[in-house]
Amino acid sequence: MFGLIRMLDDLFFFMILGAIIMAFVTAWIASGKGKNYFLWLIYGFFLFPWAFLHALLSKDEQEITPIKAYEKGLIQCPSCLEWVKLGAKVCRYCHSPIPENTETPEDRLRANGYGGIVVPKEPTKKPQDNQQ
């Protein structure tokens, strides 16, 4: 009788330990996608299988920086400020037309610089010395 109780006690200990470890894994995955680590730790502890799947299947909520937008070929819609593809004629979110002369992320980087880096439009040519 006491052997069965001891075995159930050990089983309960390992189940709790596994739930704690998997809660940390779930919170780590979710925080990598821009979600609150502490809330996902609690969610992962109490509802691990569902929280784990939810964390794996959820979308990334991190902000798109101008550098990332440039790398992905995106521009901002002038009306709703959502990111759309560079060659788009109409915004897929607000359905407003996008002017063809919309500033690209590359133009914005050239004009403002990003993190102190200014991207030149064309390679600058060194003026040749006029020797007389």
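My aim in this report is to walk through the structure given alongside it, one point at a time. Note that the coordinates shown come from a computational prediction; the quantities given were computed from them, not determined experimentally. (Residues numbered from 1 in each chain as written. Predicted model: local features only at pLDDT ≥ 70, side-chain atom pairs only at ≥ 80, totals over all residues. Heavy atoms only, no water.)

Ranked by size, the top nonpolar core spans 7 residues in total: Ala23, Ala27, Ile29, Ala30, Trp40, Leu41 and Ala55. Residue assignment for this core shows that the elements contributing at least two residues are α1 (2–31) and α2 (37–46). By residue number, the principal contributor to this core is α1, which donates 4 residues. Listed in part, the 5 residues of the second largest apolar core include Ile75, Cys77, Val84 and Cys91. (Core = buried A, V, L, I, M, F, W, Y, C linked by side-chain atoms within 4.5 Å. Buried < 20%, exposed > 50% of the residue type's maximum accessible area, 1.4 Å probe, protein only. Helix = DSSP H or I, 4+ residues; strand = E, 2+ residues; numbered from the N terminus.)

Interaxial distance between α2 and helix α3 (residues 48–57) falls to 5 Å at its minimum, and their mutual angle equals 135°. The pairing of α2 with α3 is recorded here as oblique in orientation. For the pair α2 and α3, the contacting residues are Trp40, Tyr43, Gly44, Phe45 and Phe46 in the first and Phe48, Trp50, Ala51, His54 and Ala55 in the second. (Axes fitted to C-alpha atoms, helices over the stretch in contact; angles between N-to-C directions. Parallel < 35°, antiparallel > 145°, perpendicular 65-115°, else oblique. Contact = heavy atoms within 4.5 Å.)

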